[in-house]
Amino acid sequence: MLTVASDVEVLARFGRALADPIRCRTLLALRQAPAYPADLADALAISRTRLSNHLACLRDCGLVVAVPDGRRTRYELADQRLGHALDHLLATVLAVETDPTCTEADEKGCC
């Protein structure tokens, strides 16, 4: 049971981070391996400037960290458990979407 305001704030911040498809794609890419911004931008087919804004948001949310690597900066998940959590979240959401009882919630605009 979530009773501490900070728990709610952390989950809300996580939800905001996942609310954008580019941030989701970035997290999923970083779940596979750390990456440099230029490589991530190319892989996601977006501009480096746009990616930079999303990486800043993910850093502010505490989901990714910037690791200096010589003259470059590499990005990675702040904690590898986040990658496992994303795997579990995806599996759960996909299971719910294939659940026939989801059609009831869909009619209410929930799914």
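To keep things clear, this report deals only with the structure shown in the data block. (Residues numbered from 1 in each chain as written. Predicted model: local features only at pLDDT ≥ 70, side-chain atom pairs only at ≥ 80, totals over all residues. Heavy atoms only, no water.)

## Comments concerning the overall build of the protein chain
Reasoning step 1: Along the backbone of the protein chain there are six helices and two strands.
Reasoning step 2: Shown N-terminal to C-terminal, the secondary structure of the protein chain runs as helices and strands in the order α-α-α-α-β-β-α-α.
Reasoning step 3: Pairs at least 24 apart in sequence give 49% of the contacts found in the protein chain among residues at least 6 apart. (Helix = DSSP H or I, 4+ residues; strand = E, 2+ residues; numbered from the N terminus. Contact = heavy atoms within 4.5 Å.)

## Remarks on helix α2 (residues 21-32)
Reasoning step 1: Spanning twelve residues, α2 covers 17 Å between terminal C-alpha atoms, matching the ideal 16 Å at 1.5 Å per step.
Reasoning step 2: Inspection of α2 places I22, R23, T26, L27 and L30 among the buried residues, and these make up the whole buried set. The arc that holds every buried residue of α2, seen down its axis, measures 135 degrees, which confines them to one face. In α2, the exposed positions angled more than 90 degrees off the buried face are occupied by P21 and Q32. (Expected span 1.5 Å × (residues − 1). Buried < 20%, exposed > 50% of the residue type's maximum accessible area, 1.4 Å probe, protein only. Arc of directions from axis to C-beta.)

## Overview of the nonpolar core
Reasoning step 1: One finds L27, L30, L51, L63 and V64 to be the most contacted residues of the largest nonpolar core, which totals 19 residues.
Reasoning step 2: Listing elements by their share of this core, those giving two or more residues are α2, α3 (37-44), α4 (48-60), β2 (72-77) and α5 (80-97).
Reasoning step 3: Those residues in contact with L30 that lie beyond four places of it in its chain are A35, L40, V64, Y75, E76 and L77. (Core = buried A, V, L, I, M, F, W, Y, C linked by side-chain atoms within 4.5 Å.)

## Quick word on the side chain of H54
Reasoning step 1: For H54, the position within the fold is in helix α4.
Reasoning step 2: Apart from residues lying up to four places away in sequence, H54 is in contact with D20, I22 and R23.

## Here's the deal with the packing of aromatic side chains
Reasoning step 1: Within the structure shown, the criterion is met by zero aromatic pairs.
Reasoning step 2: Across the ring face of Y36, the terminal group of R72 is positioned such that the distance to the ring centre comes to 3.7 Å. (Phe/Tyr/Trp six-rings, centres within 6.5 Å; stacked < 30°, edge-to-face > 60°. Lys NZ or Arg CZ within 6 Å of the ring centre and 35° of its normal.)

## Comments concerning the pairing of β2
Reasoning step 1: Pairing of strand β1 (residues 64-69) with β2 involves six bridges; the strand directions are antiparallel. Looking at the pairing, D69 lines up with R72 of β2.
Reasoning step 2: Counting the residues between successive antiparallel strands, the hairpin from β1 to β2 contains two residues, one of them, G70, with a positive phi of roughly 70 degrees. (Pairing = 2+ DSSP bridges.)

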